Amino acid sequence: MSVTEVKHPLVQHKLSYLRDKDTPTVHFRKLVEEVTLLLTYEATKDLPTEDVEIETPIERASFPRISGKKVAVCPILRAGLGMLDGVLTLISGARVGFIGLYRNEETLQPVEYYVKLPSDVADRDVILLDPMLATGNSTAHAVKLVKDAGATSVRLISIIAAPEGIKNIQDNHPDVQIVVAAIDRQLNEKGYIVPGLGDAGDRLYGTK
Ligand code: URA
């Protein structure tokens, strides 16, 4: 399994504002979208291409275009929804699936409340979106859901990951390619990533 921590200055600069507790919701939302767009660029760098013949205004020649499977992007609700437009800006033809999971705060285990995947998800490259890869329990559950629906190619884009979450995915789904902006130190006793950015859903939607 590959884990890529994107160290690009633009990503790290924007991430520092996401971490800042004084960044207001309106900026936080925009920054999540922008960081996701940049992470999508990295997460899709190995999509296969094939040469196609094009007639430019000057001459006929061959150039690469993305070939193979189409993409299904699946945000894990609710915080993953904040990342969706960042992916769709780059991959406008992607189909979208929704995975509604919440975390039981006592057991830290995922509880499924809504799942709607594209009917042809088995034929698509799946990109899962979950801004905070904390324990990894919800994300591992989401990977299982798309695999049970037939998906064979799964990527995960998260903004921040904890080592515990990465290990969880590594142990349970070693084929999943993970792209993150940062791998933080650890989880605290409440399951939050430290230093992290707090509750991504609350910060995106102004709830508490
Ligand atoms: N979910 C969040 O929103 N933040 C964390 O730190 C961990 C899980």
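Below: a short report on this structure. Residue positions are given per chain, counting from 1 as you read along its sequence in written order. Since the coordinates come from a predicted model, pLDDT governs what is reported: local features require at least 70, and pairs of side-chain atoms require 80 or more to be given and counted, while whole-chain, interface and lining totals use all residues. With hydrogens and water excluded, all non-hydrogen atoms of the structure serve as input to the side-chain values.

### Some points on the overall build of the protein
Numbered from the N terminus, helices here are DSSP runs of H or I no shorter than four residues, and strands are runs of E no shorter than two. Helices and strands together make up the secondary structure of the protein, namely six helices and 13 strands. The globule rule used for comparison is 2.2 Å times the number of residues to the exponent 0.38, while the radius of gyration itself is calculated over C-alpha atoms. Over its C-alpha atoms the protein spans a radius of gyration of 17 Å, differing by no more than 12% from the 17 Å that the globule rule assigns to 208 residues. Here the C-alpha coordinates of the protein stretch approximately 60 × 35 × 25 Å along the principal axes. Residues classed as buried in the protein amount to 48% of the 208 residues present. Note on contacts: a residue pair qualifies if any of its non-hydrogen atoms lie within 4.5 Å across the two residues. In the protein, 65% of the contacts between residues at least 6 apart in sequence involve partners at least 24 apart. Note on classification: 1.4 Å probe, protein chains only; a residue is buried when its accessible area is under 20% of the maximum for its type, exposed when over 50%, partly exposed between these limits.

### What to know about unusual backbone geometry
Here the bond from L77 into R78 is cis, since omega is 0°, no more than 30 degrees from zero. By the secondary structure assignment, R78 is in the loop between β4 (70–77) and α3 (81–90). V194 connects to P195 through a cis peptide bond whose omega is 0°.

### Regarding the nonpolar core
Grouped together as the largest cluster of nonpolar side chains are 34 residues, with contacts concentrated most on L18, L39 and I159. Of all the secondary-structure elements, those providing two or more residues to this core are α1 (9–19), α2 (25–43), β4, α3, β8 (124–129), β10 (153–161), β11 (177–183) and α6 (200–205). Considering every element that reaches this core, the biggest residue donor is α2, with six residues. If we skip the residues at most four places from it in the chain, L39 touches V6, V11, I157, S158, I159, V179, V180 and A181. Among the nonpolar cores identified, the runner-up in size contains 23 residues, and C74, V121, V126 and A161 belong to it. Take the buried Ala, Val, Leu, Ile, Met, Phe, Trp, Tyr and Cys residues and link them wherever side-chain atoms come within 4.5 Å; each set so joined is a nonpolar core.

### Some thoughts on the site of the ligand
What surrounds the ligand is the set R103, M132, A134, G191, Y192, I193, G198, D199 and A200. We call two N or O atoms a polar contact when they sit within 3.5 Å, provided that within protein one can donate a hydrogen and the other can accept it, with sequence-adjacent residues counted only if both atoms are side-chain atoms. The contact in question runs from an oxygen atom of the ligand to an N or O atom on the backbone of I193, over 2.8 Å. The separation between a nitrogen atom of the ligand and a polar main-chain atom of G198 is 2.8 Å. Protein chains shield 88% of the accessible area of the ligand, which is 240 Å² for the free molecule. The class makeup of the residues in the shell around the ligand is five nonpolar, two polar and two charged. If a single non-hydrogen atom of a residue is within 4 Å of a molecule or strand, that residue counts as near it. Accessible areas in this description were obtained via Shrake-Rupley with a 1.4 Å probe; residue shielding takes into account the shown protein chains only. Residues were grouped as follows: Ala, Val, Leu, Ile, Met, Phe, Trp, Tyr, Cys and Pro as nonpolar; Asp, Glu, Lys and Arg as charged; and all remaining residues, including Gly, as polar.

### A word on a nonpolar patch on the surface
Only residues whose relative accessible area exceeds 30% and that form no salt bridge are eligible for patches; like-charged ones are grouped when within 9 Å, while nonpolar side chains (Val, Leu, Ile, Met, Phe, Trp, Tyr) are grouped when within 5 Å. A carboxyl oxygen of Asp or Glu within 4 Å of a side-chain nitrogen of Lys or Arg is what we treat as a salt bridge. There is a patch of nonpolar side chains on the surface, built from Y102, Y113 and Y114 and spanning about 340 Å² of accessible area. When you line up the elements, Y102 lands in strand β6 (residues 98–103).

### Let's talk about the environment of H8
Within the secondary structure, H8 sits in the loop between β1 (3–5) and α1. Under the relative-accessibility criterion, H8 is labelled partly exposed at 42%. On a C-alpha basis, the gap between H8 and P48 in space is 23 Å, while along the polypeptide they are 40 residues apart. Among the polar contacts made by the side chain of H8, one reaches the main-chain amide nitrogen of L10 at a distance of 3.0 Å.

### Focus on the side chain of T135
With respect to the helices and strands, T135 occurs in the loop between β9 (132–133) and α4 (137–148). Engagement of the side chain of T135 in a polar contact is seen with the backbone nitrogen of N137, the distance being 3.1 Å.

### Observations concerning the environment of A61
Relative to the helices and strands, A61 resides in strand β3 (residues 60–66). Here A61 falls in the buried class, since its relative accessible area comes to 17%. When the C-alpha atoms of A61 and D51 are compared, they prove to be 9.4 Å apart, with ten residues separating the residues in sequence. The contact partners of A61, leaving out residues within four places of it in the chain, are V52, E53 and I54.

### Description of the packing of α2 against α3
Where α2 contacts α3, the axes come no closer than 7 Å and their chain directions differ by 45°. Relative to α3, the element α2 lies oblique. The way α2 lies across α3 gives a crossing that is right-handed. Across the interface between the two elements, V32, E33, T36, L37, T40 and Y41 from α2 touch G82, M83, D85, G86, V87, T89 and L90 from α3. A per-class count over the contact of α2 with α3 returns six nonpolar, five polar and two charged. Every angle, taken between N-to-C directions, lies between 0 and 180 degrees, and every axis is a line fitted to C-alpha atoms, over only the stretch in contact when it is a helix. The scheme is simple: roughly parallel for angles under 35 degrees, roughly antiparallel for over 145, roughly perpendicular for 65 to 115, oblique for anything else. Left-handed describes a crossing in which the near helix is turned anticlockwise from the far one by less than a right angle; the clockwise case is right-handed.

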